[in-house]
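# Report on the structure
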Amino acid sequence: MSETDLVELAKRRGYFFQANEAYGGVAGFYTYGPQGASLKRNVEESWRDRFVVREGNVEIDSPTVTPEPVFEASGHLDGFDDMLVECEECGESHRADHLVEDASDIEDAETYPPEEVAELLADLDLECPSCGADLAGQSVEEFNLMFETSIGPGSGQSGYLRPETAQGMFVEFPRLKEYARNQLPFGVAQIGNGYRNEISPRNALLRAREFTMAELELFVDPQEDRPDLDAVADVELPLYSAERQAADGEEYEYLTPRDALDAGVVNGEWVAYFLAVSKRWFERVGVDMDRFRFRQHLSGELAHYASDCWDAEAEIEGDWVELEGVANRTDYDLKKHADHADDNFTVFKQYDEPKTVERVTVDPDMSYLGPEFGGAAADVADALETLAERNRAAFESEDVTVEVDGEAYTVPVEKTGFSVDEVKESGEHVTPHVIEPAFGVGRVVYTVLAHALDADEVDGERRQVLRLPPEIAPTTVGVFPMMDKDGMGELARDLAADLRARGLDVTYDDSGNIGRRYRRQDEVGTPYCVTVDYESLEADTVTLRERDSTDQVRVDIDDLPHLLADLRAGELSFDDLR
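The structure contained in this document is the topic of the report that follows. This structure is a prediction, so every number in the text was calculated from the model and none was measured. (Residues numbered from 1 in each chain as written. Predicted model: local features only at pLDDT ≥ 70, side-chain atom pairs only at ≥ 80, totals over all residues. Heavy atoms only, no water.)

## Concerning the overall build of the protein chain
Defined as follows: Counting from the N terminus, the helices are the DSSP runs of H or I reaching at least four residues and the strands are the DSSP runs of E reaching at least two. Two residues form a contact once any of their heavy atoms are found within 4.5 Å. Note that accessible areas follow from Shrake-Rupley with a 1.4 Å probe, and for residues the cover is restricted to the protein chains shown. In this tally, Lys and Arg are treated as positive and Asp and Glu as negative; His is ignored, and so are the chain termini. Charged groups are reduced to one reference atom each: NZ for lysine, CZ for arginine, CG for aspartic acid, CD for glutamic acid.
A tally of helices and strands in the protein chain yields 19 helices and 28 strands. Viewed in the frame of its principal axes, the protein chain has a C-alpha envelope of about 105 × 70 × 55 Å. Within the protein chain, residue pairs in contact and separated by at least 24 positions form 65% of the contacts whose partners lie at least 6 positions apart. By element, 42% of the accessible surface of the protein chain is carried by carbon and sulfur atoms, the whole surface being about 27700 Å². Across the protein chain, the mean location of the 53 positive side-chain charges is 8 Å away from that of the 127 negative side-chain charges.

If you want it as structure tokens, here you go:
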């Protein structure tokens with residue numbers, strides 16, 4: 001089925017549609033309809049169950065508006081950019097790297113420098129998608145994707161709509177570690193909206209300006225904490241490593257987490273663990289595993305703070321769509337906020353027994369540094385302290401030299417107050433490393449719909465069907481009276497109300513013939529339908545129909561609530577009822 005078929009179905013059946021259409025709409029903003037909102041909520045609940053509840057993590061909900069200093073510390077103000085080319089004829093702006101990728105075999109143009117992308121625009125004779133004007137010779141600029149706002153009246157305080165939920169978890173780390181009783185590892189999750197002022201939104205939910213993320217930040221001691229790899233030992237990971245990408249092929253390696261680590265394909269046990277956990281979850285919510293892979297970031301796209309990063313990708317109509325990134329962010333984020341904020345971003349790790357250690361100290365004689373170096377004296381003192389921590393051998397001569405703002409300063413060692421002393425320590429301050437599985441919820445929803453949409457033939461007629469897993473389907477069961485007469489309608493309505501009271505998502509339909517009602521529910525993805533007929537009135541039984549096979553079985557009305565609950569939870573299969 002094509003993207004056009006999916007978007008048409010989504011609009012017609014209430015999954016998603018462009019927002020504010022009554023006012024012409026704005027690209028990159030979508031409203032989830034009744035079916036889509038339910039599907040999205042079920043995907044989020046499934047993610048929460050797997051990555052929060054089962055992993056023993058906690059969840060927070062931080063603000064979407066964030067003051068500017070947070071993004072100064074995180075680097076988003078300077079480095080959260082996409083490549084923009086503006087057509088000089090019509091004035092429309094386009095994502096330059098996407099134009100290059102669409103017109104060539106290049107899959108990673110975003111990793112190229114802007115100057116090289118500009119050259120590719122000319123070499124490929126690319127034209128403006130809006131007006132057809134030649135883009136050769138047009139400059140490619142970096143465009144910051146964050147939405148800026150003001151906090152408070154007037155000019156107020158500068159702020160931004162968050163482009164990710166992660167910074168909310170990093171900024172609040174000093175308080176969150178207290179809730180975790182300063183014990184590593186601990187994980188903090190968040191499901192919430194993010195905002196990116198995309199240059200050229202496209203592909204419906206796949207590249208929007210407002211979107212939902214589900215992110216987990218797991219804070220670990222890099223020297224001691226290890227995941228339970230035995231729990232995922234049997235998971236085969238389809239790995240598209242940087243090495244295999246460089247070989248210009250699409251040959252994947254299918255390795256277990258342990259084998260991937262032993263072969264040096266994946267760097268770090270935590271990354272390997274969450275690749276396996278993620279694969280199981282993607283399969284659980286309906287991503288087709290025959291169209292799924294993990295692609296390792298190339299050197300040009302790997303974030304400077306990450307030791308390794310893999311994207312979970314799904315194939316849709318020949319294109320690979322990123323659904324998740326699994327990264328080891330090291331201690332970069334917490335150290336950056338420690339440098340900029342007035343708080344402690346470390347965890348104190350208590351030793352089992354006190355240890356005798358050597359401690360290097362520097363206590364410069366400021367009565368010497370002040371007259372000697374003037375306004376640079378304080379910076380020289382800081383540089384001496386940093387040098388002593390990094391290279392104590394530098395203080396073994398009579399003089400020591402440090403560099404401040406490109407200028408060298410030489411200080412007699414006797415004036416530095418340098419000393420090495422033995423002290424007993426009861427513990428140490430550890431800056432945790434961060435392991436981050438980060439998901440795009442809208443992208444998962446879109447992919448699940450794209451992979452579930454199918455067509456077959458039933459009773460000689462073409463049928464369009466959404467083969468959604470029961471756990472995430474917007475509606476669990478449709479309840480129909482064969483006819484709304486002789487008490488069948490009343491019994492069906494009472495049954496629907498009872499099933500709703502048991503916590504099941506139910507739709508009631510008595511419009512049209514029974515075949516047409518089945519087709520409507522098949523197309524919207526409802527996994528089960530219940531039909532009340534004359535036998536129901538006499539024997540207290542109903543017909544239970546399964547969507548994918550269209551098979552039917554007769555079950556007792558009293559058994560129906562727990563049977564449907566077990567079917568939805570995956571604790572029972574329809575074959576068990578035959």
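Anyway, onward from the coordinates.
## Regarding the sheet that holds strand β6 (residues 93-95)
In a beta sheet, neighbouring strands are held together by backbone hydrogen bonds and run either parallel or antiparallel to one another. The cut-off we apply is this: Strand pairing is assigned whenever DSSP detects at least two bridges linking the two strands. With axes taken as lines fitted to C-alpha atoms, and helix axes fitted only over the stretch in contact, angles between N-to-C directions fall between 0 and 180 degrees.
Here we have three strands laid out as an open sheet, ordered β6-β5-β7, and antiparallel in their pairing. The open sheet is flanked by β6 and β7 (140-144), the only strands paired with a single partner. For this sheet the average axis-to-axis angle between neighbouring strands, irrespective of direction, equals 45°. Taken together, the five bridges between strand β5 (residues 81-86) and β7 define a ladder with antiparallel strand orientation. Note on β7: the bridge partner recorded for Asp81 is Asn144. Packed on one face of the sheet, helix α6 (residues 114-123) meets β5 and β7 and runs near 130° to β7.

## Some remarks on the nonpolar core
Most often, soluble globular proteins keep nonpolar side chains buried together rather than apart. Going by this rule: Working definition of a nonpolar core: buried Ala, Val, Leu, Ile, Met, Phe, Trp, Tyr and Cys residues. They are joined through side-chain atoms within 4.5 Å. Exposure is judged per residue with a 1.4 Å probe applied to protein chains only, and the accessible area is read against the type maximum: over 50% gives exposed, under 20% gives buried, and values in between give partly exposed.
Counting residues in hydrophobic clusters, the biggest one holds 66 residues, and the most contacted among them are Trp47, Leu239, Val266 and Phe274. Ranked by residues supplied to this core, first place goes to helix α11 (residues 269-285) with 11 residues. Those residues in contact with Leu239, other than ones at most four positions away along the chain, are Tyr252, Glu253, Leu255, Ala260, Val265, Val266, Leu275, Phe294 and Trp310. Within the second largest apolar cluster, 22 residues are counted, among which are Val477, Val555, Leu560 and Leu567.

## Here's the deal with the sheet that holds strand β9 (residues 157-161)
Read across the open sheet, the three strands follow the order β4-β9-β8; overall the sheet is antiparallel. For this open sheet the edge positions go to β4 (65-67) and β8 (148-151), each flanked by a neighbour on one side alone. With direction set aside, neighbouring strand axes in the sheet form an average angle of 45°. Pairing geometry for β4 and β9, over three bridges, is antiparallel. In the sheet register, Pro67 faces β9, and the bridge partner there is Gly159.

## As for the packing of helix α2 (residues 34-53) against helix α15 (residues 441-452)
Inclusion rule: Oblique is the label for any angle not covered by the other classes, which are roughly parallel (under 35 degrees), roughly antiparallel (over 145) and roughly perpendicular (65 to 115). Note: crossing handedness is left-handed where the near helix turns anticlockwise from the far helix by less than a right angle, and right-handed where it turns clockwise.
Interhelical geometry of α2 versus α15 gives an angle of 110° and a closest axis separation of 10 Å. Judged by the angle between their axes, α2 and α15 are roughly perpendicular. The crossing of α2 and α15 is right-handed. Packed against α2, whose contacting residues are Leu39, Lys40, Val43 and Glu44, the element α15 presents Val441, Val444, Val445 and Leu449 at the interface.

## Some remarks on helix α19 (residues 560-569)
Short version of the rule: For this quantity, the arc is that covered by the directions from the helix axis to the C-beta atoms.
Every buried residue of α19 is accounted for by Leu560, Pro561, Leu563, Leu564 and Leu567. Mapping the buried residues of α19 onto a view down its axis gives an arc of 165°, with all of them on the same face. Where α19 is buried, its residues touch β24 (477-481), α16 (488-501), β26 (528-532), β27 (541-546) and β28 (552-556). Phi turns positive, to about 80°, at Gly570, one or two residues after α19.

## Remarks on the packing of aromatic side chains
Note the threshold: Pairing of aromatic rings covers Phe, Tyr and the six-membered ring of Trp, with a centre-to-centre limit of 6.5 Å; geometry is then stacked below 30 degrees between planes, edge-to-face above 60, and tilted otherwise.
Summed over all chains, the structure comprises 25 aromatic pairs. Arranged with centres 6.1 Å apart and planes meeting at 85°, the rings of Phe71 and Tyr160 form a pair that is edge-to-face. Taken together, the residues Phe71 in helix α3 (residues 68-74) and Tyr160 in strand β9 connect sequence positions 89 residues apart. Tyr160 matches Phe71 in its accessibility class, with the two residues each being buried. Centre to centre, the rings of Phe395 and Phe418 are 4.5 Å apart; their planes meet at 5°, and the pair counts as stacked.

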